[in-house]
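Structure assessment
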Amino acid sequence: MRSPFVMAPAIILSACTALPEIGTGPSAADPAIAVPPARYTPVLAGTVDYRPVAPKSWVDSNRQVAPKEKGK
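What comes next concerns the included structure. (Residues numbered from 1 in each chain as written. Predicted model: local features only at pLDDT ≥ 70, side-chain atom pairs only at ≥ 80, totals over all residues. Heavy atoms only, no water.)

1. Some words on the overall build of the protein chain
Helices and strands together make up the secondary structure of the protein chain, namely two helices and zero strands. Relative to its length of 72 residues, the protein chain is extended, with a C-alpha radius of gyration of 36 Å against a globular reference of 11 Å. On the principal axes, the C-alpha backbone points of the protein chain span a range of 105 × 45 × 25 Å. Considering the protein chain as a whole, with its 72 residues, one finds that 0% of them fall into the buried category. In the form shown here, the protein chain has an accessible surface area of approximately 8,100 Å², with 65% of it arising from carbon and sulfur atoms. Mean positive and mean negative side-chain charge positions of the protein chain (8 and 5 charges, respectively) differ by 13 Å. (Helix = DSSP H or I, 4+ residues; strand = E, 2+ residues; numbered from the N terminus. Rg over C-alpha atoms; globule rule 2.2 N^0.38 Å. Buried < 20%, exposed > 50% of the residue type's maximum accessible area, 1.4 Å probe, protein only. Areas by Shrake-Rupley, 256 points an atom, 1.4 Å probe, with all protein chains shown as cover. Lys, Arg positive; Asp, Glu negative; His and termini not counted. Charge placed at Lys NZ, Arg CZ, Asp CG, Glu CD.)

2. Things to note about the pattern of salt bridges
Tallied over the full model, the rule gives one salt bridge. Notably, a salt bridge pairs Asp49 with Arg51, separated by 3.4 Å at the nearest N-O pair. Neither Asp49 nor Arg51 differs from the other in exposure class; each is exposed. (Salt bridge = Lys/Arg side-chain N within 4 Å of Asp/Glu carboxyl O.)

3. Topic: the environment of Val6
Take Val6: it is sitting in helix H1 (residues 2–14). Look at Val6 and you get exposed, because its relative accessible area is 55%. Taking C-alpha positions, Val6 is 86 Å from Val53, a pair spaced 47 residues apart along the chain.

Structure, rendered in structure tokens:
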């Protein structure tokens, strides 16, 4: 009968303890950690120029996509 009265305060007080510090890698606050230098990359690097061009002939465009004739 006495056991629940002793266990209840222990369980309640255990919730008030500080959580352990989780170490997942080097600390960001450690000045001894080597950091790679930042490199400049232009914002428009790798973009394609989409300026308007002159229209192509429909005849030439249709000949390029038409199926090849067999036997000729």
